[in-house]
Amino acid sequence: MAQHDIERIKSLLGTHEDFPKKGIVFKDMFPVFQDPTAVEALISNIVHHINSTQAEKIDVVVGLDARGFLFGPLVALRLGAAFVPVRKQGKLPGECASAVYEKEYGQDVFEIQKSAVKPGARVIVIDDLIATGGSAAAAGELVKKCQATTVEYVFIMELDFLKGAEKLDAPVYSLIHL
Ligand SMILES: O=P(O)(O)OC[C@H]1O[C@H](OP(=O)(O)OP(=O)(O)O)[C@H](O)[C@@H]1O
Ligand SMILES: Nc1ncnc2[nH]cnc12
């Protein structure tokens, strides 16, 4: 991504100390959505990256509840791929696979609808931010439970000091390193 686009997006991010718990420095990406040209730059960069690095078609973009739902469908549409949500427990009807995980400020459970991702599918997992990597690793586990393959994890922001990428079983692409 061009350095000036990275700097513009960084300048739009909110930073909130001690949210949602004492000791956490919360990075808020919602202000980016107030600037459509910044959103366009983000989505175009991600789509260009995927198209120029993946030799084979992406079948499914999996977005993580809730902020991954803002980016995932936009990327999926441009790739001509399906969008499938991973949701917090108790929100998805039908037969689901589940994974318990730890994230930077607590524990949670993720679920996926088993019929939504076919065995053998090539999947991109996308979210706004990777901190400890617990959420993304749980999503990767769910993709495996569907007998599909995560070919890359994509994030807008990566908190490098938490080394979350080390928990993941496929390459990681993050637009902004903090
Ligand atoms: O790398 P980790 O330590 O696992 O943390 C990253 C996750 O935490 C945030 O979501 P959160 O669970 O707060 O949910 P929200 O999107 O519903 O606010 C963020 O959007 C990621 O999904
Ligand atoms: N520091 C942080 N800011 C925003 N979202 C997060 N999810 C986990 N850690 C986070």
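Residues numbered from 1 in each chain as written. Chains lettered and ligands numbered in written order. Predicted model: local features only at pLDDT ≥ 70, side-chain atom pairs only at ≥ 80, totals over all residues. Heavy atoms only, no water.

For the protein chain, the name recorded in an unreviewed UniProt entry is adenine phosphoribosyltransferase, with Hesseltinella vesiculosa as its organism. The UniProt entry for the protein chain carries this comment under Catalytic activity (unreviewed entry): "AMP + diphosphate = 5-phospho-alpha-D-ribose 1-diphosphate + adenine". For the protein chain, the Function (unreviewed entry) comment in UniProt is given as "Catalyzes a salvage reaction resulting in the formation of AMP, that is energically less costly than de novo synthesis." (UniProt positions renumbered as here; feature names shortened; annotations may be inferred.)

A. Quick look at the confidence of the model for the protein chain. Chain-level pLDDT for the protein chain is 97 on average; 100% of the residues reach the 70-or-more range. Interface confidence for the predicted complex, expressed as ipTM, amounts to 0.98; the pTM equals 0.97. (pLDDT = per-residue confidence, 0-100.)

B. Representation of the packing of aromatic side chains in the model. Within the structure shown, the criterion is met by 4 aromatic pairs. Considering the side-chain rings of F33 and F71, the 5.3 Å spacing of their centres and the 50 degrees angle between planes classify their relative orientation as tilted. Remark: F71 occurs in helix α3 (residues 68–79) and F33 occurs in the loop between β2 (25–28) and α2 (36–53); sequence separation between them is 38 residues. Under the relative-accessibility criterion, F33 is labelled partly exposed at 28%. Taking the centre distance of 6.2 Å and the plane angle of 85 degrees together, the rings of F69 and F83 count as edge-to-face. Here F69, found in helix α3, pairs with F83, found in strand β4 (residues 82–88); they are 14 residues apart in sequence, far enough to count as distant. F69 gets classed as partly exposed once you look at its relative accessible area, which sits at 25%. Judged by relative accessible area, F83 falls into the partly exposed class, the value being 28%. (Phe/Tyr/Trp six-rings, centres within 6.5 Å; stacked < 30°, edge-to-face > 60°. Helix = DSSP H or I, 4+ residues; strand = E, 2+ residues; numbered from the N terminus. Buried < 20%, exposed > 50% of the residue type's maximum accessible area, 1.4 Å probe, protein only.)

C. Examining the sheet that holds strand β8 (residues 149–158) more closely. Strand order in the open sheet formed by 7 strands is β5-β6-β4-β3-β7-β8-β9, with mixed pairing between adjacent strands. A strand with exactly one partner marks an edge of an open sheet, and here the two such strands are β5 (96–103) and β9 (172–177). Here the strands of the sheet are splayed against their neighbours by 25 degrees on average, with no regard to which way each runs. Sheet topology places strand β3 (residues 60–64) next to β4; 5 bridges connect them, and they run parallel. Across the sheet, V60 pairs through a bridge with A82, a residue of β4. Along the sheet, α3 makes contact with β3, β4, β7 (122–130) and β8, crossing β4 at roughly 165 degrees. (Pairing = 2+ DSSP bridges. Axes fitted to C-alpha atoms, helices over the stretch in contact; angles between N-to-C directions. Contact = heavy atoms within 4.5 Å.)

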